[in-house]
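Structural overview
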Protein chains: 2
Amino acid sequence: MSSDGERGLLFIVSAPSGTGKTTLVERLAKMVPGLRMSRSYTSRDARPGELDGVDYNFISRSRFETMAAGGAFLEWADVFGNYYGTCAADTEGILAGGEDAVLVIDVQGARQVRSRGVASIGIFVLPPSASALEQRLRGRSKDSDEQIRRRLETAHAEVGEFTQYEYVVVNDAVESAVDRLRAIVLAERARVGRMGEAARGVIETFGGK
Amino acid sequence: MSSDGERGLLFIVSAPSGTGKTTLVERLAKMVPGLRMSRSYTSRDARPGELDGVDYNFISRSRFETMAAGGAFLEWADVFGNYYGTCAADTEGILAGGEDAVLVIDVQGARQVRSRGVASIGIFVLPPSASALEQRLRGRSKDSDEQIRRRLETAHAEVGEFTQYEYVVVNDAVESAVDRLRAIVLAERARVGRMGEAARGVIETFGGK
């Protein structure tokens, strides 16, 4: 968390579908003061239990396309036939307010953010193994066999992009993975180039700049 | 912590005298598996309560000078008339064994380690303020007024070197400062360039390199 007019940091968390990234990041955001998720927009229908404005901002395809055409999205993608996007103004609002933002987006989205020259810290979350991911996708039984097959193919391609990220966290156990995500946020806040007003204030008491 | 023949990471913690860095790092090393302090060698006399081989390796001035002349120290310094040094073989033993090492050394020592081209991650610990440091030095009442004056002068010069470090942690409260030090260690272990066998093993299950 920053204060006194300092901009926040932008964290990006990507992971293959079914890795449990949203659960991890929701817990993380609850645990770390000054870190907020930027809620995604999607054109897909809400699944049972999902709430508009909580899980996603659910909007129509045509509304999504209008926003995309107007450059409203920091990143957006057509994933398995549905649009997903991150509103640039929402994210900017968090960062300009001095809080850190975290985006849960796929590798395509992360690539778009980087290619826009937006400073970000990327964290790639891995499942414990390819077979554990397959089990998880089958276990949640919300996809057809064909969808699961496609998700696994995509996962294989996505995992190859982990080198584009700054950090890798294996989601072997939720508590431990959240702890490591939290560690990354705290460490990035302590980097000398980004240290907050607190550290700068101390330096000043020693007559430094 | 690394395994299977991977080298450990070398952390350096520096701080002005009286900042409480040794207490912080001792707690840190107890809390984080696979992180070990490399015990310093010194020619000064043990203070009441200090144990040889626990707080320091206490050796004679002549023994210290022989070791220094033989290149046994990764870094060493004459601090207020006493020698302090880090044994290169001790540190190498920790790193080669796949554990991470942490050195509690002053800015002169940190400079020597960097100038030798040894890869390290530097953390600068700041007291809450210059006046808090002075109060602390006076409170522990083990130094004369003249020694305290010299320590404060040195502190002012040392604080100016914080930009040579990767991270800055303000020791405003011990628990919180240790938590941030721990976060830095965990985050550095999760960096994509250094990720351990665990993450590499997962990548392999996806057919990656």
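Definitions and limits used
- Residues numbered from 1 in each chain as written.
- Chains lettered and ligands numbered in written order.
- Predicted model: local features only at pLDDT ≥ 70, side-chain atom pairs only at ≥ 80, totals over all residues.
- Helix = DSSP H or I, 4+ residues; strand = E, 2+ residues; numbered from the N terminus.
- Buried ≥ 20, exposed ≤ 12 C-beta atoms within 10 Å, placed from the backbone.
- Contact = placed C-beta atoms within 7 Å.
- Core = buried A, V, L, I, M, F, W, Y, C linked by C-beta atoms within 7 Å.
- Pairing = 2+ DSSP bridges.
- Axes fitted to C-alpha atoms, helices over the stretch in contact; angles between N-to-C directions.
- Least-squares fit on C-alpha atoms with pLDDT ≥ 70 in both.
- Nonpolar A, V, L, I, M, F, W, Y, C, P; charged D, E, K, R; others polar.
- Parallel < 35°, antiparallel > 145°, perpendicular 65-115°, else oblique.
- Left-handed = near helix turned anticlockwise from the far one by under 90°.
- Arc of directions from axis to C-beta.
- pLDDT = per-residue confidence, 0-100.

**Comments concerning the overall build of chain A**
Helix and strand counts for chain A stand at eight helices and nine strands. The principal-axis extent of the C-alpha atoms belonging to chain A is close to 65 × 40 × 30 Å. By the burial criterion, 40% of the 209 residues in chain A qualify as buried. Intrachain contacts of chain A at a sequence separation of at least 6 include 70% that bridge at least 24 residues.

**Points about the nonpolar core**
Soluble globular proteins tend to pack their nonpolar side chains together in the buried interior. Counting 110 residues, the largest nonpolar core has Ile123(A) and Ile123(B) as the members making the most contacts within it. Those residues in contact with Ile123(A), other than ones at most four positions away along the chain, are Phe11(A), Ile12(A), Val13(A), Tyr165(A), Glu166(A), Tyr167(A), Val169(A), Leu181(A) and Ile184(A).

**Some points on the sheet that holds strand S8 (residues 121–126) of chain B**
All names here are of chain B. The strand order across the open sheet formed by five strands is S2-S7-S1-S8-S9, and the pairing between neighbours is parallel. The open sheet has two edge strands with one neighbour each: strand S2 (35–37) and strand S9 (167–170). Pairwise comparison of adjacent strand axes, ignoring direction, gives a mean angle of 25° for this sheet. When S2 meets strand S7 (residues 100–104), the two strands line up parallel, connected through three bridges. Paired with Arg-36 across the bridge in S7 is Ala-101. Against the sheet, helix H3 (residues 88–96) touches strand S1 (10–14), S2 and S7, its axis set at about 150° to S7.

**A few points about the relation of the copies chain B and chain A**
If you rotate chain B by 180° and push it 0.0 Å along the axis, it lands on chain A with an RMSD of 0.0 Å. Here the symmetry operator amounts to a two-fold rotation axis. For chain B, the minimum C-alpha distance to the rotation axis belongs to Ala183(B) and amounts to 2.0 Å. The fraction of interface residues of chain B whose copies in chain A are also interface residues reaches 100%, indicating that both copies meet through the same surface.

**Brief notes about the environment of Glu197(A)**
Examined against the element boundaries, Glu197(A) turns out to sit in helix H8 (residues 197–205). For the pair Glu197(A) and Glu6(A), spaced 191 residues apart in sequence, the C-alpha separation works out to 8.2 Å.

**Considering the pairing of S9(B)**
All names here are of chain B. The alternating pattern of S9 places Tyr-167 and Val-169 and Val-168 and Val-170 on opposite faces, both of which are buried. Pairing between S8 and S9: four bridges, direction parallel. Each bridged residue has a counterpart across the sheet, and for Ile-123 the counterpart in S9 is Tyr-167.

**As for the interface of chain B and chain A**
It is common to give the size of an interface as the accessible area lost on bringing the parts into contact. On the side of chain A, 34 residues touch chain B, which itself brings 34 residues to the contact. Mapped onto the side of chain B that touches chain A, the elements with two or more residues apiece are helix H5 (130–139), helix H6 (145–159), S9, helix H7 (174–189) and helix H8 (197–205) of chain B. Across the side of chain B that touches chain A, the residue classes break down as 23 nonpolar, eight polar and three charged.

**Some remarks on the packing of helix H1 (residues 21–31) of chain B against H7(B)**
For any two helices packed against each other, one specifies the crossing angle of their axes together with the interaxial distance. Residue and element names in this part refer to chain B. One can describe the packing of H1 onto H7 by two numbers: an axis separation of 9 Å at closest approach and a directional angle of 55°. The angle between H1 and H7 places the two elements in the oblique class. Between H1 and H7 the crossing geometry is right-handed. Of the residues in H7, those in contact with Thr-23, Leu-24, Arg-27, Leu-28 and Met-31 of H1 are Val-174, Ala-177, Val-178, Leu-181 and Arg-182. For the contact of H1 with H7, the class distribution of residues is seven nonpolar, one polar and two charged.

**What about helix H5 (residues 130–139) of chain A?**
Three or more residues of H5(A) are buried, namely Ala130(A), Leu133(A) and Leu137(A). One side of H5(A) holds all its buried residues, which, seen down the axis, span an arc of 60°. Those residues of H5(A) that are exposed and aimed more than 90 degrees away from the buried face are Ser131(A), Arg138(A) and Gly139(A). Structurally, H5(A) contributes buried residues whose contacts are with helix H6 (145–159) of chain A together with H8 of chain B. Of the residues flanking the end of H5(A), it is Ser141(A), one or two places downstream, whose phi is positive at about 40°.

**Considerations on the confidence of the model for chain A**
Detailed conclusions should not be drawn from predicted coordinates in areas where pLDDT is low. Confidence along chain A averages 91 in pLDDT terms, with 96% of residues attaining 70 or more. Model confidence for the complex is summarised by a pTM of 0.89, with the ipTM given as 0.87.

**A look at the environment of Ala46(B)**
Residues and elements named next belong to chain B. Here Ala-46 lies in the loop between strand S3 (41–42) and strand S4 (57–58). With 13 C-beta atoms counted inside 10 Å, the residue Ala-46 sits in the partly exposed group. The sequence separation of Ala-46 and Asp-106 amounts to 60 residues, and the corresponding C-alpha distance is 19 Å. The contact partners of Ala-46, leaving out residues within four places of it in the chain, are Asp-52 and Phe-58.

**Observations concerning the sheet that holds strand S3 (residues 41–42) of chain A**
Residue and element names in this part refer to chain A. What the four strands build is an open sheet, ordered S4-S3-S6-S5; its pairing is mixed. Across the chains shown, the open sheet's two edge strands, defined by having one partner strand only, are strand S4 (57–58) and strand S5 (73–79). Lying on the sheet, helix H3 (residues 88–96) is in contact with S5 and strand S6 (82–87); it crosses S6 at an angle near 30°. Relative to the sheet, helix H4 (residues 107–115) contacts S5 and S6, its axis offset from that of S5 by approximately 155°.

**Describing the environment of Gly34(A)**
Checked against the element boundaries, Gly34(A) lands in the loop between helix H1 (21–31) and strand S2 (35–37). Spatially, the C-alpha atoms of Gly34(A) and Asp100(A) are 6.0 Å apart, while their sequence positions differ by 66 residues.

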